[in-house]
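Close look at the chain arrangement
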Amino acid sequence: MFLHGTSEINEHGHLEIGGVDTVTLAKDYGTPLYIYDVALIRERARSFKQAFEKMGVRAQVAYASKAFSSIAMFQLVAEEGLSLDVVSGGELYTAIASGFPSSRIHLHGNNKSYHELKMALDHEVGCIVVDNFYEIELLKGLSTQYKRKIPVLLRVTPGVEAHTHDYITTGQEDSKFGFGLLNGQIEQAIETILNIEGIHLLGIHCHIGSQIFDTAGFVLAAERVFEKIKEWKESYSFIPEVVNLGGGFGIRYTEDDEPLPATYYVEQIVEAVKKHVNEMGINMPEIWIEPGRSLVGDAGTTLYTVGSKKTVPNIREYVAIDGGMSDNIRPALYQAKYEAVLANRVTEKHDKEVSIAGKCCESGDMLIWDLPLPEVKAEDILAVFCTGAYGYSMANNYNRIPRPAVVFVENGEAQLVVKRESFEDLIVNDLPLKTKITQK
Ligand SMILES: Cc1ncc(COP(=O)(O)O)c(C=O)c1O
Ligand SMILES: N[C@@H](CCCC[NH3+])C(=O)O
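For clarity, every value in this text was computed on a predicted model and none was experimentally measured. (Residues numbered from 1 in each chain as written. Chains lettered and ligands numbered in written order. Predicted model: local features only at pLDDT ≥ 70, side-chain atom pairs only at ≥ 80, totals over all residues. Heavy atoms only, no water.)

Now for empty space enclosed by the protein. The final tally for this structure, using the stated rule, is 3 cavities of 30 Å³ or more. Looking at the largest cavity, its volume works out to about 40 Å³. Lining of the largest cavity is provided by Ile41, Ala45, Met73, Leu76, Val77, Glu80, Leu82 and Leu295. Of all the elements in the fold, those that place two or more residues in the lining of the largest cavity are helix H2 (38–54) and helix H3 (71–79). Per element, the largest residue contribution to the lining of the largest cavity is 3 residues, and it comes from H3. Partitioned by chemical class, the residues of the lining of the largest cavity number 7 nonpolar, no polar and 1 charged. (1 Å grid on protein atoms, 1.4 Å probe; cavity = no way out; pocket = protein on both sides within 12 Å on 5 of 7 lines; lining within 4 Å. Points joined across faces, edges and corners; volume = space filled by probe spheres on them. Helix = DSSP H or I, 4+ residues; strand = E, 2+ residues; numbered from the N terminus. Nonpolar A, V, L, I, M, F, W, Y, C, P; charged D, E, K, R; others polar.)

For the rest of this paragraph, the subject is the UniProt feature "modified residue: N6-(pyridoxal phosphate)lysine" (unreviewed entry) in the protein chain. Per the UniProt entry, the sites bearing "modified residue: N6-(pyridoxal phosphate)lysine" (unreviewed entry) are Lys66 in this numbering. Residue position: Lys66 is located in the loop between strand S5 (59–64) and H3. Beyond its immediate chain neighbours, meaning those up to four positions away, Lys66 contacts Asp85, Val87, Glu91, Tyr390 and Ser393. (UniProt positions renumbered as here; feature names shortened; annotations may be inferred. Contact = heavy atoms within 4.5 Å.)

With that settled, consider the sheet that holds strand S1 (residues 8–9). The 3 strands are arranged S1-S2-S3 in an open sheet whose pairing can be described as antiparallel. Strands with a single pairing partner mark the edges of an open sheet, and in this sheet they are S1 and strand S3 (20–21). In the sheet, strand S2 (residues 15–17) pairs with S3 via 2 bridges, with the strands oriented antiparallel. Within S3, the residue paired with Glu16 across the bridge is Asp21. (Pairing = 2+ DSSP bridges.)

Right, let's talk about the site of ligand 2 for a bit. In the vicinity of ligand 2, the residues found are Lys66, Arg293, Arg330, Tyr334, Tyr390 and Met394. Taking Arg330, its side chain carries an N or O atom lying 2.5 Å from an oxygen atom of ligand 2. One nitrogen or oxygen atom from the side chain of Tyr334 is found 2.8 Å from a nitrogen atom belonging to ligand 2. Computed on the free molecule, ligand 2 has an accessible area of 310 Å², of which 74% lies beneath the protein chains in the complex. Of the residues contributing to the shell around ligand 2, the split by class is 3 nonpolar, no polar and 3 charged. (Near = heavy atom within 4 Å. Polar contact = N/O pair within 3.5 Å; in protein donor to acceptor, adjacent residues only side chain to side chain. Areas by Shrake-Rupley, 256 points an atom, 1.4 Å probe, with all protein chains shown as cover.)

Before going further, it helps to spend a moment on the packing of helix H7 (residues 185–194) against helix H8 (residues 216–236). Put simply, H7 and H8 touch, their axes get as near as 12 Å, and they point 40° apart. As the angle between them shows, H7 and H8 are arranged oblique. H8 is crossed by H7, and the crossing has right-handed handedness. Facing H7, whose interface residues are Ile186, Glu187, Ile190, Glu191 and Leu194, H8 presents Lys228, Glu231, Trp232 and Tyr236. Partitioned by chemical class, the residues of the contact of H7 with H8 number 5 nonpolar, no polar and 4 charged. (Axes fitted to C-alpha atoms, helices over the stretch in contact; angles between N-to-C directions. Parallel < 35°, antiparallel > 145°, perpendicular 65-115°, else oblique. Left-handed = near helix turned anticlockwise from the far one by under 90°.)

With that settled, the discussion passes to the site of ligand 1. In the vicinity of ligand 1 lie 15 residues, with His207, Ser210, Glu290, Arg293 and Tyr390 positioned nearest. A distance of 2.7 Å is found between a nitrogen atom of ligand 1 and a side-chain nitrogen or oxygen belonging to Glu290. Between Tyr390 and ligand 1, the recorded distance is 2.6 Å, taken from a side-chain N or O atom to an oxygen atom. Within the complex, 91% of the 390 Å² of free accessible area of ligand 1 lies under protein.

Here it is as structure tokens:
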């Protein structure tokens, strides 16, 4: 069994995280329940930041908040001195409500609305990562309303796409995000932006994918971008102050995953940029990265209560839990794999194979196939590891299932940071029919 972060087995034979007994947490807060190991989030945040500091490079580590956003999470991120990547009015609103320093917020999105852009500019966010020509027009219109120049990065699709253990180069840059790097679009965008009085072109952004286990894709992306920067220095006298190489650093979900330490990604990225900068004889730009999953993924665990079971003779045993694709859609969406244990009986032999079914009305609502567990009984507590990224943030109300609560644990203390949705919450926006209802 692989124990992440501060996870331990205590004297009761229970799984403990952050010094708190998870079986007690399940009793106190109910299940399903998302638990975050705060010390592990801090450790990850610090390792990214310190890696840059060690190399003497000016940098911003922006937490990609799509992985998990809540007021408390944003406050933790602020406390650790990271920046924040938001991709919607909702994430931006949460960031502002949390008191996050707006100068460290970066707004992303491939279809930002006028109102989202205005909201970001009203709050003087650190930068807008411009994605397309429509957005340039919107910003041009908006720029006349503000005294300060709008700081922007231009997002490019570098023609490098990474998938888990490998990467491919895509000649045609077939992506809905950003300006093509190799088809003339980015030059058109730079020329347009440089001619807009109220916009300041701070630099270039690219992101090559998610759950990536090697550094070759990042190095190649940096190479592609810098080949172009060499040209832009000549043609536009444009030298980026910032180069943002995105997020995507992989984590260990199961024993098949072999993640690299944060320091290794940072070193390779910095070395790649330094090489080009030295060749060009320009100043080292600030390097920005945007880790999401690698900051919170393995710090999250979901607790469920076991309910019904079904045996299909000679085939398998299904064990159903009180959540499913409503709180973790990743197995259904990406065939994502997870490891799990019985939190209340961790020390017992996990040597019976069962398959964990969710409670949604969907055959595909299976959380884990062929999971080794002890003989499971109703009321056992199942702990699924590594659910911290894209779990709560992609949770939904399918079958009108309320979203679970979120608890932070650290130094033996638990703190509720997101309340469990109630049935009342589910109908709060529903309006009754205008016409009088006649009972038949
Ligand atoms: C632009 C951008 N930045 C950062 C991230 C964060 O990725 P991850 O959670 O894999 O680190 C993503 C998601 O893939 C993204 O699209
Ligand atoms: N939601 C995806 C990752 C998307 C990355 C965002 N650009 C996942 O759970 O793996």
